[in-house]
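Structural characterization, general
In case you want the letters, here they are:
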Amino acid sequence: MFQAHRQRLSSPLSRWISPAKKQTRKPPAEPDAQPDGEDVPDVPGEEEETEGSLAPRMALAGATGGDTLELKNANGDSLKQGTDYIVSGKTYTITTKENIVITGGDPDATVRLESGDDSNVTLDNVTGLKALYAQTGYEMNVTLVGENHVGYIYGSENGASQTHIVIGGDGALTGHHIGGEYNYDVVSADITITGGTIELDGLDGNSSVGARYGAAIGGGNPGGIAKNITITGGEITVSSMYGAGIGGGSGGNAENIIIEGGKITATSISGAAIGGGQKGSAKKITITGGTVTANGDRGAGIGGGYTGNAENINISGGTVTASAHGGAAIGGGQYGGAKNITITGGTVTATTSIQSSGLLSIGAAIGGGGGDNKSYTSVDIFIPPVDGITISGGTVTASAPVGVGFIGNAVGCGFYYGSAYGFHTSIATNVSISCGTYTGSELVSSYIAEGYKLVQNGTVWEVVPNYVAQIGDDKYYTLAEAIAAVQNEEAITLLSDVELISTISVSKKLTIDLAGHTITTPDVAAGPGQSVNGTTIFSLENGADLTIKDSVGGGKVVPGSVTNSNSSSADKPAIGLEGSAKLTV
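Bear in mind the structure is a predicted one, so any value in this text is a computation, not a measurement.

Side note on the overall build of the protein chain
- Tallying secondary structure elements over the protein chain gives one helix and 56 strands in all.
- Counting the 585 residues in the protein chain, one finds 52% classified as buried.
- Look at the contacts in the protein chain between residues 6 or more apart in sequence, and 66% of them connect residues 24 or more apart.
- About 23500 Å² of surface is accessible on the protein chain, with carbon and sulfur atoms providing 44% of the total.

Quick look at the sheet that holds strand β53 (residues 556–558)
- Here three strands make up an open sheet; going across it, the order is β46-β49-β53 and the pairing parallel. One side of each edge strand has no neighbouring strand; the edge strands of this open sheet are β46 (498–499) and β53.
- As judged from the two bridges shared by β46 and strand β49 (residues 518–520), these two strands associate in the parallel manner. By the bridge assignment, V498 is partnered in β49 with I519.

Overview of the environment of I285
- Looking at the secondary structure, you find I285 in strand β20 (residues 282–287).
- Of the residues examined, I285 reaches a relative accessible area of 1% and is grouped as buried.
- Here the alpha-carbon distance between I285 and N314, two residues 29 residues apart in the chain, equals 6.2 Å.
- Residues within four places of I285 in sequence aside, it is in contact with I257, I274, G275, I302, G303, N312, I313 and N314.

A closer look at the side chain of S268
- By the element assignment, S268 lies in the loop between β18 (263–267) and β19 (274–275).
- A polar contact is formed between the side chain of S268 and the backbone oxygen of M241, at a distance of 3.4 Å.
- Of the polar contacts made by the side chain of S268, one reaches the backbone oxygen of G243; its length is 2.6 Å.
- Not counting residues within four places of it along the chain, the set of residues in contact with S268 comprises S240, M241, G243, A244, G245, A273, N295, G296 and D297.

Concerning the packing of aromatic side chains
- For the structure on display, the rule yields eight aromatic pairs.
- A centroid spacing of 6.0 Å and a plane angle of 50° characterise the contact between Y452 and Y477, whose relative ring orientation is tilted. Remark: Y477 occurs in the loop between β44 (474–476) and α1 (479–485) and Y452 occurs in strand β41 (residues 452–457); sequence separation between them is 25 residues.
- The ring of Y133 carries R112 above its face, with NZ or CZ at 3.7 Å from the centroid.

Quick notes on the environment of S441
- In this fold, S441 is placed in the loop between β40 (437–439) and β41.
- In this structure the C-alpha to C-alpha distance between S441 and G458, which are 17 residues apart in sequence, comes to 9.8 Å.
- Sequence-distant contacts of S441, defined by excluding residues within four places in its chain, comprise I407, G408, N409 and W461.
- A polar contact of 2.7 Å, which involves the side chain of S441, links it to the side chain of N409.

Comments concerning the confidence of the model for the protein chain
- In this model, the protein chain carries an average pLDDT of 83, and 79% of its residues clear a pLDDT of 70 or more.
- Predicted confidence is poor over residues 1–66, with pLDDT under 50, and the contacts of this stretch with residues over four places away or in other chains come to 150 contacts.

Focus on the sheet that holds strand β37 (residues 415–418)
- Spatially, the three strands line up as an open sheet ordered β28-β37-β38, and their pairing is antiparallel. Edge positions in the open sheet fall to β28 (360–362) and β38 (422–424), since each of these has one partner strand only. Strand-to-strand twist in this sheet, taken as the mean axis angle between neighbours without regard to direction, amounts to 10°.

Description of the nonpolar core
- Ranked by internal contacts, the top residues of the largest apolar core, which has 87 residues, are I102, L132, I246, I391 and Y438.
- Apart from residues lying up to four places away in sequence, I246 is in contact with I217, I229, I231, V238, I257, I264, A266, A273, I274 and G275.
- Core analysis: the second largest hydrophobic core is formed by 25 residues, Y476, I492, L500 and L514 among them.

Notes on the pairing of strand β1 (residues 70–73)
- Of the two faces of β1, the one lined by L71 and N73 is fully buried and the one lined by E70 and K72 carries no buried residue.
- Pairing between β1 and strand β4 (residues 100–113): four bridges, direction antiparallel. Residue K72 lies in a different strand from β4, and its bridge partner there is V101.

Considerations on the pattern of salt bridges
- Considering all chains together, one arrives at three salt bridges under this definition.
- Where K72 meets E70, a salt bridge forms, and the shortest distance between an N and an O atom there is 3.6 Å.
- The shortest N-O distance in the salt bridge between K509 and E489 comes to 3.7 Å. Taken together, the positions of K509 in strand β48 (residues 509–513) and E489 in the loop between α1 and β45 (491–494) put the pair 20 residues apart, joining distant regions of the chain.

The rules we used
Residues numbered from 1 in each chain as written. Predicted model: local features only at pLDDT ≥ 70, side-chain atom pairs only at ≥ 80, totals over all residues. Heavy atoms only, no water. Helix = DSSP H or I, 4+ residues; strand = E, 2+ residues; numbered from the N terminus. Buried < 20%, exposed > 50% of the residue type's maximum accessible area, 1.4 Å probe, protein only. Contact = heavy atoms within 4.5 Å. Areas by Shrake-Rupley, 256 points an atom, 1.4 Å probe, with all protein chains shown as cover. Pairing = 2+ DSSP bridges. Polar contact = N/O pair within 3.5 Å; in protein donor to acceptor, adjacent residues only side chain to side chain. Phe/Tyr/Trp six-rings, centres within 6.5 Å; stacked < 30°, edge-to-face > 60°. Lys NZ or Arg CZ within 6 Å of the ring centre and 35° of its normal. pLDDT = per-residue confidence, 0-100. Axes fitted to C-alpha atoms, helices over the stretch in contact; angles between N-to-C directions. Core = buried A, V, L, I, M, F, W, Y, C linked by side-chain atoms within 4.5 Å. Salt bridge = Lys/Arg side-chain N within 4 Å of Asp/Glu carboxyl O.

Laid out in structure tokens, this is it:
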């Protein structure tokens, strides 16, 4: 599905931000100019980034240094040094199997759990703690009480050893990161959040310049991988710059993110808000409930990071609002494609927008990213592929930007536009849409599910059922279905023109009101030396009684033309009658 694409981000991360040297990005290129020496193409209109501007964007509750860290058991008794825990410098290693209560604070202190068993930890108004480590291979249940500030809550897999961090309670937590440690390609612990008010900014634990390479929840930096993140409750506000808000760290993939409830607001620039980190892909994101706001930029709102693909995104409930610029709101990052996006329920709003004029690489609202001009010519433009989008339920609103020289795609592939290069996009495969409202270019006809149609209002398109006939309050997709449903000499009213591929047999008494519409059959033509017959529209069986009327005017029953190789027309009746069949027109 996804072919290898030349990475424009192949330079080491140190070339983005060097601790020893302040780096400022170049201003965006003019529409007809080629950026000079950029490892990463500028997003038009992007503000300059400096070390200072990469500082956390949320005002987190600051840790105070005047308190004393206290370690207690569930009965309120202080743990005993040497028996329940050991101390080395500012690191407290807890060995007791008792339930632990941490209170007070020391912003330079680290607590490690090493009891050899699952553990229960209550954070009770912790004013400051540098880090809390779950023991690898075990479960750590964290209960929040009051206001707490913990910089990092770490838990990582180690081969076959599965680590699980569970966070809940009615309290609050501010900090930087929950998940994998900040080492190469570390797989984060499984993470479950059931409650609490949580604010995290993804600040890099190993960086002296305030960069945010790790996910706020999920993989650390660099290449931190996120697996099995489940959110069932709580109010969660998270952000990062190169990592995902929820998902992979910078360069890290994300797999199996499940959101069943809670209120989540996630933001990232190069990573997905929810999904892969900067160069990371997302595989299997499931949303069944909750209120989710996911704001991406180069990365998707929900899906792949900057260069990452998205696969198996399923939304069946909840209120989901997703946005991005170069990336798709739901789908691939700016250079990423998408495969198997399914929306069957919930209220889903997906929006992509323009940062500024000039060179534009804009993702579809639902689908793939905007792509790349590999050599800055009009013949070497890469549009990420998209295969498999199904939108069959829920209230879906998807919007793509409309500007001078281009109209974006609400569903399918993204687009690349430059005044010197023109407008470029592609057609997605295996797309089926049967509901929703879409702003942007007209949806490709093959995207519309059978039995549905597009209704246009300017650049707004609505997919609605393509009912062709009605009996009372009941509507039908085909005229044959309506005729089969007639009882007690009921009347059928046409709602649209009908083209019949095959003859409809009538064996009962009924009335068809054309209501200004036309019933016809396809035109047919024979090849050289051949002859064909046309299609009879109705075949009235013995005893049938059909009345055709037109309450509006302009309605017609017209068979398609039939042309044989000798240019003659075949003699085929529009309506055939058998025995005592009766026709009234």
